[in-house]
Amino acid sequence: MNRLETLPFVHPVTPHIYLACGPGKGRFPNCHGYLLLGDRTILIDSGIGTDRIRQIDQTMRIDGLIISHSHPDHILAWHGLRDRQLWLPAETPETVEDLILLGRRFVEGEANARYWTDVVRDRLGIQPLRQPNHRFDDGERLDFGAIQLRAIHAPGHLDDHYCFLETTSKTLFTTDVDFTGFGPWYGNPESDIRRFRESVMMLRSLAYDRVGTSHKRPMDRNAADRAFARYLEAFERQKMAVRALCATGMDLEAMIQASPFYHNRMADIKMQRIFESQMIRKNLELLLDEGGIVEKQGRFFILDE
Ligand SMILES: [Zn+2]
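Rules used throughout
- Residues numbered from 1 in each chain as written.
- Predicted model: local features only at pLDDT ≥ 70, side-chain atom pairs only at ≥ 80, totals over all residues.
- UniProt positions renumbered as here; feature names shortened; annotations may be inferred.
- Helix = DSSP H or I, 4+ residues; strand = E, 2+ residues; numbered from the N terminus.
- Pairing = 2+ DSSP bridges.
- Axes fitted to C-alpha atoms, helices over the stretch in contact; angles between N-to-C directions.
- Buried ≥ 20, exposed ≤ 12 C-beta atoms within 10 Å, placed from the backbone.
- Expected span 1.5 Å × (residues − 1).
- Arc of directions from axis to C-beta.
- Contact = placed C-beta atoms within 7 Å.
- Core = buried A, V, L, I, M, F, W, Y, C linked by C-beta atoms within 7 Å.
- Domains from an automatic or database assignment.
- Parallel < 35°, antiparallel > 145°, perpendicular 65-115°, else oblique.
- Nonpolar A, V, L, I, M, F, W, Y, C, P; charged D, E, K, R; others polar.

The name recorded for the chain in an unreviewed UniProt entry is Metallo-beta-lactamase domain-containing protein, from Desulfosarcina ovata subsp. ovata. Taken from UniProt, the Sequence similarities (unreviewed entry) comment for the chain reads in full: "Belongs to the metallo-beta-lactamase superfamily. Class-B beta-lactamase family."

Trainee: Could you give an account of the UniProt feature "domain: Metallo-beta-lactamase" (unreviewed entry) in the chain, with specific residues and numbers?
Mentor: This chain's UniProt record puts "domain: Metallo-beta-lactamase" (unreviewed entry) on residues 30-215. Secondary structure over residues 30-215 splits into 26% helix and 24% strand, and the C-alpha atoms at its two ends are 8 Å apart.

Trainee: Account for the sheet that holds strand β1 (residues 10-14), with residues named and values stated.
Mentor: Read across the sheet, seven strands follow the order β1-β2-β3-β4-β5-β6-β7 without closing on themselves; strand pairing throughout is mixed. On the outer flanks of this sheet lie β1 and β7 (134-136), each paired with one strand and no other. Averaged over all neighbouring strand pairs, the angle between strand axes comes to 25°, with direction disregarded. The pairing of β1 with strand β2 (residues 17-20) spans four bridges and is antiparallel. Pairing of Thr14 across the sheet is with Ile17, part of β2.

Trainee: Pulling in residues and values, what's your account of the pairing of strand β11 (residues 171-175)?
Mentor: The element β11 is largely enclosed, with a buried count of five among its five residues. Of the two faces of β11, both are covered, the one formed by Thr171, Phe173 and Thr175 as well as the one formed by Leu172 and Thr174. Here strand β10 (residues 162-166) pairs with β11 via three bridges, running antiparallel. Across the sheet, Phe164 pairs through a bridge with Phe173, a residue of β11. What sits between the antiparallel neighbours β10 and β11 is a turn of four residues, in which Lys170 has the positive phi angle 55°. Of the strand pairs in this sheet, β11 and strand β12 (residues 210-213) are connected by four bridges, and their pairing is parallel.

Trainee: Can you break down helix α5 (residues 193-204) residue by residue, with the values?
Mentor: Between its first and last C-alpha, α5 extends 17 Å over 12 residues, near the 16 Å set by a 1.5 Å rise per residue. Within α5, burial applies to Phe196, Ser199, Val200 and Leu203. Buried positions in α5, seen along its axis, are confined to an arc of 100° and lie on one side of it. The exposed set on the far side of α5, more than 90 degrees from its buried face, consists of Arg194 and Met201. Elements in contact with the buried residues of α5: β10, β11 and α6 (221-245).

Trainee: Now, about the nonpolar core: what can you tell me, with residues and values included?
Mentor: Core analysis: the largest hydrophobic core is formed by 73 residues, its most contacted members being Leu35, Leu36, Ile44, Cys163 and Phe164. Lining this core are residues from two domains, each supplying at least three of them: domain 1 (3-235) and domain 2 (242-302). Residues contacting Leu35, with those up to four places away along its chain left out, are Leu4, Tyr18, Ala20, Thr41, Leu43 and Ile56.

Trainee: I'd like a rundown of the packing of α6 against helix α8 (residues 269-290), residues and numbers included.
Mentor: Two elements in contact, α6 and α8, have axes separated by 9 Å at closest approach and are oriented at 85°. By the criterion of interaxial angle, the relationship of α6 to α8 is roughly perpendicular. Across the interface between the two elements, Gln238, Lys239, Val242 and Arg243 from α6 touch Ile280, Asn283, Leu284, Leu286 and Leu287 from α8. Taken together, the residues of the contact of α6 with α8 break down into five nonpolar, two polar and two charged.

Written out as structure tokens, the structure is:
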């Protein structure tokens, strides 16, 4: 038994890969991390929080941190490993080094962007990232001895969203292609539904034996096949939920209040509005583009078939 297994939140996935569960079942503002035990000990994403990072580090020193993309639940407690190696995606803009600029990247409008910055800094305790030691690119092989990690650019959720395939054990880390019941999340200006769906289909076609995501427990090939199918269906379900709101000729504001994605269950209603607005608008653009709906003076209607 590896001494990591003395920690109640750490579970073996393969002999060289461990799941480090985030608090609250790895839900936002946390995420699950994965520990890779090769010639060095590497952690994928720091959303398990400062306390759990410290407990792991005291049991087995963490040599490096790989960040899959710049969302707050994935960079959360990165500063606990500030003095270790830091790997970031090639596509991650330098705005991650300034929380005000990061807010402007993730949220439209100065007041709302500032609100986002205040929440992640004051409520979540997130610190701006530093310059990385290395930036990985699409297809790059990260050689950690017994761990052979291929970086896979999978944009759509975010421009700099990465997944990883550990080619020795055929373990696929799909990070925020996360298979949760919510379905795909694309609530930032740069998020893109079509690119997201293409990324999911590309991931599904890879040669994997098991899948680990950032917000669910790892699953074997068969369960992952089903999860991929459900996740792809969720794009359609989400679009149809927005289309249904067009049946009564709603405008965007009425749709945001109807809350087809969050069902008004997010504790922070202001943040809910910010994200819901983006997700509704992206679906409206898709529906308009496909010719399924029409817009008249700010209101949206289903086109008769
Ligand atoms: Zn994310």
